[in-house]
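Residues per chain, in single letters:
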Amino acid sequence: MGNKLLNQEVQKYINANLHTDLHALLLKKAPFPEVSMQEIVQQIKGRQVAEKKFPFLLKEGIIFPPQLNLEQSSSEKTALYKSEIIKGKKFIDLTSGFGIDAYYLSQNFDDITIVEQNAELLKIVEHNWNVIGKKAKFVNQKLEDFLIESKEHFDTIYLDPARRDHQKNKVFLLEDLSPNILEIQEKLLSISNQVIIKLSPLIDLKYLISVVPDIFRIDIVAVKNDVKEIVIFLSNKKVNEIICCCVNLESGESPFNFMFREEENARSEYSEPEKFIYIPNNSILKAGIFNLISEKFGLKKLHPNTHIYTSAEKKENFPGRILEMEVVESKSVKKKSQFNIISKNYPLKPDEIKKKYGLKDGGKHYIIFTQSKKGKIILKSL
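Residues numbered from 1 in each chain as written. Predicted model: local features only at pLDDT ≥ 70, side-chain atom pairs only at ≥ 80, totals over all residues. Heavy atoms only, no water.

A. Inspection of the overall build of the chain at higher detail. Secondary structure assignment for the chain yields 15 helices and 17 strands. Seen through its C-alpha atoms, the chain measures out along the principal axes to roughly 70 × 55 × 35 Å. For the chain, the residues scored as buried account for 50% of the 382 residues in total. Sequence separation of at least 24 residues holds for 63% of the intrachain contacts in the chain that already meet a minimum separation of 6. Taken together, the 57 basic and 50 acidic charged side chains of the chain have centroids lying 6 Å from each other. (Helix = DSSP H or I, 4+ residues; strand = E, 2+ residues; numbered from the N terminus. Buried < 20%, exposed > 50% of the residue type's maximum accessible area, 1.4 Å probe, protein only. Contact = heavy atoms within 4.5 Å. Lys, Arg positive; Asp, Glu negative; His and termini not counted. Charge placed at Lys NZ, Arg CZ, Asp CG, Glu CD.)

B. Summary view of the nonpolar core. Within the largest apolar cluster, 52 residues are counted, with the highest numbers of intra-cluster contacts made by Leu94, Leu159 and Ile230. In this structure Leu94 touches Val115, Leu143, Phe146, Leu147, Ile157, Tyr158, Leu159 and Leu188, once residues within four positions along its chain are discounted. Counting 50 residues, the second-largest nonpolar core is a separate cluster that includes Val35, Leu57, Ile63 and Ile86. (Core = buried A, V, L, I, M, F, W, Y, C linked by side-chain atoms within 4.5 Å.)

C. The arrangement of helix α4 (residues 37-53) in detail. In this model α4 runs 24 Å from its N-terminal to its C-terminal C-alpha over 17 residues, within 8% of the 24 Å that 1.5 Å per residue would give. For α4, the complete set of buried residues consists of Met37, Ile40, Val41, Gln43, Ile44, Gly46, Arg47, Val49, Ala50 and Lys53. (Expected span 1.5 Å × (residues − 1).)

D. Layout of the layout of surface pockets. The calculated volume of the second largest pocket comes to roughly 290 Å³. Considering the residues around the second largest pocket, the lining is formed by Ile203, Asp204, Leu205, Lys206, Ile209, Phe260, Glu263, Glu264, Lys286, Ala287, Gly288 and Ile289. Elements that contribute at least two residues to the lining of the second largest pocket include exactly α11 (205-211), α12 (260-265) and α13 (282-287). Tallied by class, residues from the lining of the second largest pocket come to six nonpolar, one polar and five charged. (1 Å grid on protein atoms, 1.4 Å probe; cavity = no way out; pocket = protein on both sides within 12 Å on 5 of 7 lines; lining within 4 Å. Points joined across faces, edges and corners; volume = space filled by probe spheres on them. Nonpolar A, V, L, I, M, F, W, Y, C, P; charged D, E, K, R; others polar.)

E. Layout of unusual backbone geometry. Ser178 connects to Pro179 through a cis peptide bond whose omega is 5 degrees. In this fold, Pro179 is placed in the loop between β4 (154-159) and α10 (181-190). Of note, Lys224 is a non-glycine position whose phi angle comes to about 50 degrees, a positive value. When you line up the elements, Lys224 lands in the loop between β6 (215-223) and β7 (226-235). Even without a glycine there, the phi angle at Glu250 is positive, about 60 degrees. Residue position: Glu250 is located in the loop between β8 (243-249) and β9 (256-259). Judged by relative accessible area, Glu250 falls into the partly exposed class, the value being 47%.

F. Looking closely at the sheet that holds β7. Sheet architecture is open: nine strands sit in the order β3-β2-β1-β4-β5-β7-β6-β8-β9, paired in mixed fashion. One side of each edge strand has no neighbouring strand; the edge strands of this open sheet are β3 (137-139) and β9. Across the sheet, the mean angle from the axis of one strand to that of its neighbour is 15 degrees, orientation sign disregarded. Sheet strands in contact with α10 are β4, β5 (192-199) and β7, and its direction is about 150 degrees off that of β5. (Pairing = 2+ DSSP bridges. Axes fitted to C-alpha atoms, helices over the stretch in contact; angles between N-to-C directions.)

G. A look at the sheet that holds strand β12 (residues 300-303). What the eight strands build is an open sheet, ordered β10-β12-β13-β11-β14-β17-β16-β15; its pairing is mixed. Each having just a single partner strand, β10 (269-270) and β15 (338-343) make up the two edges of the open sheet. Direction of pairing for strand β11 (residues 276-280) relative to strand β13 (residues 306-311): antiparallel, over a ladder of three bridges. Bridging from a neighbouring strand, Phe276 pairs with Ser311 of β13.

H. Representation of the environment of Ser330. Looking at the element boundaries, Ser330 is found in the loop between β14 (320-328) and β15. Take Ser330: its relative accessible area is 37%, and that puts it in the partly exposed class. When the C-alpha positions of Ser330 and Tyr357 are compared, they lie 8.7 Å apart, and in sequence the two are 27 residues distant. With residues near it in sequence (within four places) discarded, Ser330 still touches Tyr357 and Ile378.

I. View of the environment of Ile85. With respect to the secondary-structure elements, Ile85 resides in the loop between α6 (76-83) and β1 (90-93). You can call Ile85 partly exposed: its relative accessible area is 29%. As for Ile85 and Asn108, which are separated by 23 residues in sequence, their C-alpha atoms are 9.6 Å apart. Setting aside its immediate chain neighbours within four residues, Ile85 contacts Arg217, Asp219 and Phe233.

J. Geometry of the side chain of Lys90. Locating Lys90 in the fold gives a position in strand β1. A polar side-chain atom of Lys90 sits 2.7 Å from a polar atom in the side chain of Glu152. (Polar contact = N/O pair within 3.5 Å; in protein donor to acceptor, adjacent residues only side chain to side chain.)

K. Representation of the packing of aromatic side chains in the model. Under the definition given, this model contains 17 aromatic pairs. Seen from their ring centres, Phe91 and Phe109 are 5.3 Å apart, and the 45 degrees between their planes marks the pair as tilted. Of the two residues, Phe91 sits in strand β1 while Phe109 sits in the loop between α7 (100-105) and β2 (111-115), which places them 18 residues apart along the sequence. Owing to a relative accessible area of 5%, Phe109 belongs among the buried residues under this scheme. On the numbers, 5.2 Å between centres and 70 degrees between planes, the contact of Tyr278 with Phe318 is edge-to-face. Note that Tyr278 is positioned in strand β11 and Phe318 in the loop between β13 and β14, a separation of 40 residues in sequence. Within the aromatic cluster, the residues linked to one another by ring pairs are Phe256, Phe258, Phe260, Tyr278, Phe297 and Phe318. (Phe/Tyr/Trp six-rings, centres within 6.5 Å; stacked < 30°, edge-to-face > 60°.)

Here is the structure:
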């Protein structure tokens, strides 16, 4: 695996072809008898992914795994965020994969254990950690077998369960994951004070709370307004309230924390559009706190099903986009004008609006097609 790919001439060839058409490269004969062209292309793909997802691995001597393992890995951004939350003495990642989360989450721990059932993948992780000077105990074993055999106690357990079934279809319910979280949650909490589980951004939060009784915290993690993961924290200490943290990394927006009961007790007021319009980021929308966000920031909603808010005076630190806008008539929307088009609670999708009004995408200005309590409206940024 590693030794052949690390040959100086092979590495030189990989570096020289980082921007070559990979499909064309695959059709060529490998210039090295001991390394296939598929292996070379795999390394090039790995470096291309690393540039965007985990640039800390762009070092001499790093080996990259197959494409699927790269796709399933956390980004450096989300891993770094999670690493800032936890600390302790003993840390274990029971589903290491390519080890990105493990690398960052274990930064504040002295004793690190990495468990991975894929022997070849674990060899790659161990090799890379040696290259970057990171120490750990590496265990090639099925998670279920490890839990049966291990007598150790850990401060923090981390899991990122596989979210594909035997037919490679994506799944996200806890009972469909591998491992089945519902079957092992009691065992996990018997050997650790805290369990952290990364889940699909598609998972329903109410479902989560109903099937996992030991949750004390849920983080909704977005990067540039794209929700990447739901992270749940389990504790063997009973808590009366579950805190939810909404974060939108690389946006400049402040995190928003709340208790779920707050949304149940919150109420919204309604208004026609005023001077400022507020569009919550997608971590807030995922949390479903449509009334709480209105109440906390002193904003009014346009419509019960339109999650857009308004105020006469600007409210700072809102977790989302704030725009100064005015209501316009449809006939005043000129063809070939350039806008960032938003459609919320409106019959037409952005592409249909673009076609109907002859608009172009992009630019500095926004146009919102939506509804207030009085009916359909168009808002244009000033």
